[in-house]
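What the coordinates show
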Amino acid sequence: MSEKQHDLVVIGAGPGGYVAAIRAAQLGLDTACIDKEPRLGGTCLRVGCIPSKALLQSSEKYHEVHGGLDAHGIKTGEVGLDLEAMLARKTKIVHDLTDGIAGLFKKNKVTRYEGSARITGPGTVVVEGADNVTIKAKHIIVATGSVPASLPGVEMDDDVIGDSTTALSYPTVPEHLVVIGAGYIGLELGSVWRRLGAQVTVVEYLDRILPGTDAEIAREAQKLFKRQGIKFVLKARVTAARRDGDGAVVEIEGKDPLKADRVLMAVGRKPFTDGLGLDTVGVAADERGRIPVNDHFMTSAEGIYAIGDVIAGPMLAHKAEEEGVACVEHIATGWGHVDHATIPGVCYTDPEIATVGLTEEQLKEAGTPYRKGVFFFRANSRARAMDKIDGRVKILAHEETDRVLGVHMIGADSGHLIGEAVAAMAFGASSEDIARVCHAHPTLSEAVKEAALAVDGRAIHA
Ligand SMILES: Cc1cc2nc3c(=O)[nH]c(=O)nc-3n(C[C@H](O)[C@H](O)[C@H](O)COP(=O)(O)OP(=O)(O)OC[C@H]3O[C@@H](n4cnc5c(N)ncnc54)[C@H](O)[C@@H]3O)c2cc1C
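Residues numbered from 1 in each chain as written. Predicted model: local features only at pLDDT ≥ 70, side-chain atom pairs only at ≥ 80, totals over all residues. Heavy atoms only, no water.

1. Digging into the site of the ligand
The following threshold applies: To be near a molecule or strand, a residue needs just one of its heavy atoms within 4 Å of it. Note on areas: Shrake-Rupley with a 1.4 Å probe; residue coverage comes only from the protein chains shown. A run of DSSP states H or I qualifies as a helix once it reaches four residues; a run of E qualifies as a strand once it reaches two. Both are numbered from the N-terminal end. Classification used: nonpolar for Ala, Val, Leu, Ile, Met, Phe, Trp, Tyr, Cys and Pro, charged for Asp, Glu, Lys and Arg, polar for all others including Gly.
By nearness alone, 41 residues border the ligand, and Asp35, Thr43, Lys53, Ala117 and Ala317 come closest of all. In the complex, the protein chains occlude 97% of the 1000 Å² of accessible area that the ligand would expose alone. Elements supplying a minimum of two residues to the shell around the ligand: helix 1 (15-26), strand 2 (31-35), helix 2 (42-47), helix 3 (49-68), strand 4 (116-121), helix 6 (184-195) and helix 8 (317-333). Broken down by element, the shell around the ligand gets its largest block of residues, five residues, from helix 2. Considered class by class, the residues forming the shell around the ligand number 18 nonpolar, 16 polar and seven charged.

Below you can see the structure in the form of structure tokens.
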């Protein structure tokens, strides 16, 4: 086994790891990045954000031409589904983007190793796989991400009973898809297959969907998803799911079992550190499998850092990226910081749900005095022109200082609109700051301005 030396080695080429590697190389560090998969980009590019968004886009178009254009006066003829072509398009997007990262590595002179990485002691990583090499590096960043979580009693076969990766490639549209878990992954993929014609039932343990999201927004989301034909079984504890003939049966405590021809397990994800050798440097994961780090992403072992899904915080690609950049900037310059209070979260359903900062429930629980401004998209002229009038923008600002503490929205293009709220909060804006900024007319963003005005009871179009 050959031996190589680098300043920094990053384990994992997901959005946390590959972005960290590129930024480190920009800062002049001799950097290597290891991934066991032949394609770079991690969960996000291979089996997460990107393929799911590709399918959401395609299925939305399919659904739209099925009567969704009538209001625009557009009549369509017979519309067919070529699922194979839809899946092939998704795969091509994934391949183009993962190839793009390989190109960025070359451009930035990041050395790439393919194989499973194992830390064998301070400053040493052994790679086994397509490449077999021992790497010596002063700094090691662990960015090994996460894998789908499961439930006891659920007999996964990665086919009829599978996780999100399986659900990105069903070869036919299921007749009845049961989704276990009403988080954003289950709702996004449930929406895809619903739009393509499946009957979809979402089973959730809690009494609400989208745990952690502002409850008012989640309630509206559930109402709109129901209107789209998605069924919800809430307060339902799944005790088992197993193959039953060609399909599956899902058992729920105290309720009738559900028969399905596909089951999507979407109860969250868990940090992945299997076989990583953290014990050889005395780093222990916490009770939820996460690697404990300080504000600079340092673990308890000198020279070993961790970022992304494998540490605490929301499991989101952009959060992993920010941490990767801050981590290597701190290594290279002594400075580097992530504002964890302003990490947005977006659920790319129709309509989209986007949120940043504290929810109304969190403010109440903390006893923080706040004022609230809500503006409905049905009063926004662009939403009317688009025929996308569902949803609202809600801004929560501190009662005394008016500082914006949380922004939550559901509506068309919310995933883009939330950017303004994130920037405002990152700069410590008040609701009046947002309200006094000129927003182009007619745009959906005017709903954000109106919600900010509504905090002070002076929305114009409400
Ligand atoms: C269906 C789905 C949809 C999603 N949609 C979104 C979205 O729209 N927006 C969003 O922000 N987030 C989304 N996510 C979450 C997002 O994918 C993750 O938060 C993100 O990928 C985490 O990045 P990471 O770099 O921490 O880890 P990962 O992307 O998980 O990458 C970790 C990498 O490490 C590699 N690895 C692990 N162990 C080793 C080892 N020992 N040796 C070598 N390599 C190793 C793995 O092969 C993997 O490539 C989605 C996830 C899923 C499953």
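Following the structure, the description resumes.
2. A closer look at the side chain of threonine 299
The condition is simple: Pairing of N or O atoms within 3.5 Å defines a polar contact, subject to two protein rules: one partner must be a possible hydrogen donor and the other a possible acceptor, and residues neighboring in sequence count only if both atoms are side-chain atoms. By the convention used here, residues are in contact when the closest approach between their heavy atoms is within 4.5 Å.
Relative to the elements of secondary structure, threonine 299 occurs in the loop between strand 16 (269-271) and strand 17 (304-306). Within the structure, threonine 299 has its side chain in polar contact with the backbone nitrogen of alanine 301 (distance 3.1 Å). A polar contact is formed between the side chain of threonine 299 and the backbone oxygen of isoleucine 304, at a distance of 2.7 Å. Discounting residues that sit within four places of it in the chain, threonine 299 has contacts with Val283, Ile291, Pro292, Val293, Ile304, Tyr305 and Ala306.

3. Quick notes on the packing of helix 3 against helix 6
Our working rule: A fitted line through C-alpha atoms represents every axis, and for helices the fit uses only the stretch in contact; the resulting angles, taken between N-to-C directions, go from 0 to 180 degrees. We call a crossing left-handed when the near helix sits turned anticlockwise from the far one by less than a right angle, and right-handed when that turn is clockwise.
Viewed as axis vectors pointing N to C, helix 3 and helix 6 meet at an angle of 35°, and their least axial separation amounts to 9 Å. Every pair of crossing elements has a handedness; the one defined by helix 3 and helix 6 is left-handed. Each of Ser52, Lys53, Leu55, Leu56, Ser59, Glu60, Tyr62 and His63 in helix 3 lies in contact with helix 6, whose residues at this interface are Glu188, Leu189, Ser191, Val192 and Arg195. In terms of residue class, the contact of helix 3 with helix 6 is made up of five nonpolar, four polar and four charged.

4. Details of the packing of aromatic side chains
Inclusion rule: Ring pairs shown here join Phe, Tyr and Trp side chains whose ring centres sit within 6.5 Å, with only the six-membered ring taken for Trp; geometry is labelled stacked below 30 degrees between planes, edge-to-face above 60, and tilted in between. With a 1.4 Å probe rolled over the protein chains alone, any residue whose accessible area is under 20% of its type maximum counts as buried; one over 50% counts as exposed, and the rest are partly exposed. Here, a charge over a ring is recorded when the distance from Lys NZ or Arg CZ to the ring centre is within 6 Å and its angle to the ring normal is within 35 degrees.
Tallied over the entire structure, the rule returns one aromatic pair. Between tyrosine 170 and tryptophan 193 the ring centres are 5.1 Å apart and the planes differ by 40°, which places this aromatic pair in the tilted class. On the criterion of sequence distance, the pair formed by tyrosine 170 in the loop between helix 5 (164-167) and strand 9 (176-180) and tryptophan 193 in helix 6 is long-range, its members being 23 residues apart. The pair formed by tyrosine 170 and tryptophan 193 is uniform in burial state, with each residue classed as buried. A cation over a ring is seen here: arginine 378 above phenylalanine 376, with NZ or CZ 4.7 Å from the ring centre.

5. Looking at the nonpolar core
Using the following cut-off: Definition used in this section: a nonpolar core is a set of buried Ala, Val, Leu, Ile, Met, Phe, Trp, Tyr and Cys residues joined via side-chain atoms within 4.5 Å.
Counting 55 residues, the largest nonpolar core has Ile34, Phe105, Ile119, Ile141 and Val142 as its most contacted members. At seven residues, helix 1 tops the list of elements feeding residues into this core. Apart from the residues lying within four places of it in its own chain, the contact partners of isoleucine 141 are Leu8, Val9, Val10, Ile11, Ala20, Tyr305, Ile307, Cys327, Val328 and Ile331. Grouped together as the second largest cluster of nonpolar side chains are 35 residues, Leu87, Leu187, Ala218 and Ile230 included.

6. Thoughts on the pairing of strand 9
In plain terms, the rule: Pairs of strands are assigned from DSSP output, requiring at least two bridges between the strands. By the criterion used throughout, a crossover qualifies as right-handed when its path from the first strand across the helix to the second strand runs clockwise, the strands pointing away from the viewer.
Counting buried positions along strand 9 yields five of five residues, so the element is predominantly enclosed. Side chains His176, Val178 and Ile180 of strand 9 all project onto a buried face; the interleaved residues Leu177 and Val179 project onto the opposite face, where all are buried too. Looking at chain direction, strand 9 and strand 10 (residues 199-203) are connected through five bridges and run parallel. From the neighbouring strand, leucine 177 faces strand 10, where its bridge partner is valine 200. Following the chain from strand 9 across helix 6 to the adjacent parallel strand 10, one finds a crossover that is right-handed. Relative to strand 15 (residues 262-265), strand 9 is paired through four bridges, and the arrangement is parallel. Opposite leucine 177, over in strand 15, you have arginine 262 as the bridge partner.

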